[in-house]
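Summary of structural features
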Amino acid sequence: MRKLFLISCLLVATTPVHAQAVDVSGAKALTELLSNYLGKKAIEKNIVSVVPDGDSYRITFSTARLIETLPKQDYFKGDFGEYSLLIKPVADGSWNVSSTAIPGGSVEVTTPEGREAVQWSVDNANINGTFDPKIGAFSKASFSYGTVKMKTTSPTQDVEASVNSAKGEMLGMAAPSGGIDFSSNHSATNFLETVTVKSPPSGDVATAAQPMKIVLSGGQIGANAEGKGLRNLEFLELWKFFIAHVDETTLKDQEQADLKAKFLAALPFWDKLSGAYQFSDLNVETPIGPFAAKTMSQQIDFDGISKSGGYHYALRTNGLGYPALPIPAWSVPFLPTDVEFAFGTEGLDLDTVVRAAVADMDLSRAKPFSDEFEANTAAAFMANPPKMVINRSFIRTTDTELSVEGEVSFTALKPESHTTWEMSNFDAVVARLTTASEQEPEIKNYIVFAKLAKDFGTQLPNGHIQWIVDQKSDGSVSVNGNPVKGPDPVVDPATDDDTTTMPDDPTQDDNVIVPDDEEDNSDPAPPAPQ
């Protein structure tokens, strides 16, 4: 559905700026304009057609005619139906856009493993919006549909999925920095997906495994996106250039110069771009029992092409539930109930790389980019690599929460990190392990390490234990300012040979902290449990 909505944006974005009388000549002018962005063949083969329809123009996109233009082959078959929308000119120069049908369709491919097919349908669809030519985007648009169903079949897996009551909207306005600012959201209810995993085809029916079924369901699905300074008109100019030269095998010098100018004009592509999706009340029925999550979401945040860009990703879940798992009873409280991983990179200079690539590019060469450019780019990256960032991430269990945040930078490709670890209810974890050790004595080994970790930590006023871990590029490590590992040995390349090895006995390495031998041997080892 979103792809069809994007087609609507493209079709409307290329329409005339000013309102005019709806007639055959207007439809012809609009058809010629569309050919600049969709290609002459799309018009000649009637893949896209424009006709007057009352006080509007009806633009129709026929996937059947598109498929007819493809070379004859037996691998792919498809039927995507026809997609049409009405565009009505308004006195202020904007256009009202509407559509009441999103076509269903099917795709079938033949692979060495067998036939694979996909079918889908959409009912009660409705799209409405106002397109503003001054910004080249919808100032406002909304859509809704009743039920979407999809079914896929293959030799190894079948999937049936459906979702109900979907709706969404999009807003756009001119951005102060150029391009547009936009926001969009999309939600749907009653997500259901059944996955049937089939055993590989076998000649022996008696030994063939039974299909395994997994059922995913959710109360609501949501998705949203937001952009600042999206260079949409510049992207359209680039697309128009590609369509105009799609049948050419080489570009003349002036054409390459035009391409480079259009590409540079589109930078930085956008200022900020973010997107996220969320599941609520997610349940996963499996052969070993049900897994669940109250919520699950992912989020991305990307800067545009800049000299110091940031690119971040986050995965969040909470309210995790588990079936009866084949694990010891004492370990069940240590299963995560909430998890959040968030990380990214900052200080990434893509602007210099992209501009250098455009300047160096020559499409008439066998290699569009020279060896010198590739070498310079690699050297620049090693001299100034981006910084990796760990945004606050945590794992939460019944008793405790362990969190971490910090950053990792590189000097001559050697990592240097500063991370802060923090744990709540540390003593409760030790107490639970102590109780479990009464039934499983080997757990006492874990308790020793847990107490050692607490000794290295700092207790905060809120009762949490904190460890600030610093790793230097020379390999040394300290925890809360206390050295725990010295620098790595410095090896002179001139003397490095096969005879230079580390000692087999770790106690001979001054860089490793080990228990005192005499202290360890002062008491005899306890007898093994009978």
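Cut-off values and rules
Residues numbered from 1 in each chain as written. Predicted model: local features only at pLDDT ≥ 70, side-chain atom pairs only at ≥ 80, totals over all residues. Heavy atoms only, no water. Helix = DSSP H or I, 4+ residues; strand = E, 2+ residues; numbered from the N terminus. Buried < 20%, exposed > 50% of the residue type's maximum accessible area, 1.4 Å probe, protein only. Areas by Shrake-Rupley, 256 points an atom, 1.4 Å probe, with all protein chains shown as cover. Axes fitted to C-alpha atoms, helices over the stretch in contact; angles between N-to-C directions. Parallel < 35°, antiparallel > 145°, perpendicular 65-115°, else oblique. Contact = heavy atoms within 4.5 Å. Nonpolar A, V, L, I, M, F, W, Y, C, P; charged D, E, K, R; others polar. Expected span 1.5 Å × (residues − 1). Arc of directions from axis to C-beta. Pairing = 2+ DSSP bridges. Left-handed = near helix turned anticlockwise from the far one by under 90°. Polar contact = N/O pair within 3.5 Å; in protein donor to acceptor, adjacent residues only side chain to side chain. Phe/Tyr/Trp six-rings, centres within 6.5 Å; stacked < 30°, edge-to-face > 60°. Core = buried A, V, L, I, M, F, W, Y, C linked by side-chain atoms within 4.5 Å. Patch = residues over 30% accessible without salt bridge, like charges linked within 9 Å, V, L, I, M, F, W, Y side chains within 5 Å. Salt bridge = Lys/Arg side-chain N within 4 Å of Asp/Glu carboxyl O.

As a further point, take the overall build of the chain. A tally of helices and strands in the chain yields 11 helices and 23 strands. Out of the 530 residues in the chain, the part that is buried amounts to 33%. A total of about 31,200 Å² of accessible surface is found on the chain, and carbon and sulfur atoms cover 58% of it.

Relative to each other, helix 6 (residues 253-266) and helix 7 (residues 350-360) sit at 170 degrees, their axes nearing to 10 Å. With respect to helix 7, the element helix 6 is oriented roughly antiparallel. Between helix 6 and helix 7, the residues in contact are K260, F263 and L264 and V354, R355, V358 and A359, respectively. Among the residues making up the contact of helix 6 with helix 7, the classes are represented as five nonpolar, no polar and two charged.

Here we take up helix 6. The end-to-end C-alpha distance of helix 6, which contains 14 residues, comes to 20 Å, matching closely the 20 Å that a straight helix rising 1.5 Å per residue would cover. Of the positions making up helix 6, those classed as buried are E255, Q256, L259, K260 and A266. The arc that holds every buried residue of helix 6, seen down its axis, measures 140 degrees, which confines them to one face. Facing away from the buried side of helix 6, by more than 90 degrees, are the exposed residues D253 and Q254. Next to the buried residues of helix 6 lie helix 5 (232-244) and helix 7.

Sheet topology places strand 15 (residues 309-318) next to strand 16 (residues 338-348); nine bridges connect them, and they run antiparallel. Bridge assignment links A314 to a residue of strand 16, and that residue is A342. As defined by bridge partners, strand 16 adjoins strand 17 (residues 387-396) across eight bridges and the pair is classed as antiparallel. Of the residues in strand 17, the one forming a bridge with V339 is I395.

This paragraph deals with the environment of N185. Turning to its location among the elements, N185 is positioned in strand 11 (residues 180-197). Along the primary structure N185 and K167 are separated by 18 residues, whereas in three dimensions their C-alpha atoms are 8.4 Å apart.

Once that is clear, we can look at the packing of helix 5 against helix 6. One way to put it is that helix 5 packs onto helix 6 with a least axis distance of 8 Å and a crossing angle of 155 degrees. With respect to their mutual orientation, helix 5 and helix 6 come out roughly antiparallel. For the crossing formed where helix 5 meets helix 6, the hand is left-handed. When helix 5 is examined against helix 6, the residues E234, F235, E237, L238, F241 and F242 are found in contact with a partner set consisting of E255, D258, L259, K262, F263, A265 and A266. Considered class by class, the residues forming the contact of helix 5 with helix 6 number eight nonpolar, no polar and five charged.

Structurally, T31 is set in helix 2 (residues 24-38). Side-chain polar atoms of T31 contact the backbone oxygen of A27, separated by 2.7 Å. Residues within four places of T31 in sequence aside, it is in contact with I43 and V50.

Another point: the side chain of T345. Counting through the fold element by element, T345 comes out in strand 16. A distance of 3.2 Å separates the side chain of T345 from the backbone oxygen of K387, its partner in a polar contact. The residues touching T345, leaving out its near neighbours within four places in the chain, are G309, G310, Y311, H312, P386, K387 and M388.

A separate point is the packing of aromatic side chains. Under the criterion given, the structure shown has 13 aromatic pairs. When the ring of F235 is compared with that of F269, the centres are 5.6 Å apart and the planes differ by 45 degrees; the resulting orientation is tilted. Here F269 lies in the loop between helix 6 and strand 13 (272-286) and F235 lies in helix 5, a separation of 34 residues in the sequence. Its relative accessible area of 16% is what places F269 among the buried residues.

Right, let's talk about the nonpolar core for a bit. Counting residues in each nonpolar core, the largest one holds 28 residues, and the members touching the most others are L30, V50, Y57, I59 and I87. Looking at this core, the elements with two or more residues in it are helix 2, strand 1 (48-53), strand 2 (56-62), strand 4 (82-89), strand 5 (95-99), strand 8 (126-132), strand 9 (137-153) and strand 10 (157-174). Examining the composition of this core, we find that four residues originate from one element, strand 9, more than from any other. Within the second largest apolar cluster, 12 residues are counted, among which are V429, I443, I465 and W467.

Together, F341, F343 and I395 make up a nonpolar patch on the protein surface, roughly 260 Å² of accessible area in all. Here F343 lies in strand 16. A relative accessible area of 41% places F343 in the partly exposed class.

Here we come to the pattern of salt bridges. Tallied over the full model, the rule gives 25 salt bridges. Here E237 ties to K262 by a salt bridge, and the two come within 3.6 Å at their closest N and O atoms. Placement of the pair is E237 in helix 5 and K262 in helix 6, with a sequence separation of 25 residues. According to the relative accessible area criterion, E237 is partly exposed, its value standing at 33%. According to the relative accessible area criterion, K262 is partly exposed, its value standing at 25%.

Locating K88 in the fold gives a position in strand 4. Put simply, K88 and P52 are 36 residues apart on the chain and 10.0 Å apart in space, counted from C-alpha to C-alpha. Setting aside anything within four residues of it in sequence, one finds K88 in contact with D55, S56, S94, W95 and N96. A distance of 3.1 Å separates the side chain of K88 from the side chain of D55, its partner in a polar contact.

Attention now moves to helix 2. Across its 15 residues, helix 2 extends 20 Å between first and last C-alpha, which sits within 8% of the 21 Å expected from 1.5 Å per residue. When helix 2 is considered as a whole, its buried residues turn out to be G26, A27, L30, T31, L34, S35 and Y37. Directly after helix 2, the chain includes G39, whose backbone phi takes a positive value near 95 degrees.

What follows concerns unusual backbone geometry. Cis geometry marks the peptide bond from L267 to P268; its omega dihedral reads 5 degrees. Structurally, the position occupied by P268 is in the loop between helix 6 and strand 13. Of note in the backbone geometry, N124 takes a positive phi value of approximately 55 degrees without being a glycine. Within the secondary structure, N124 is located in the loop between strand 7 (114-122) and strand 8. N124 sits in the exposed class, given a relative accessible area of 64%.

All we've got here are geometric facts, nothing functional implied.
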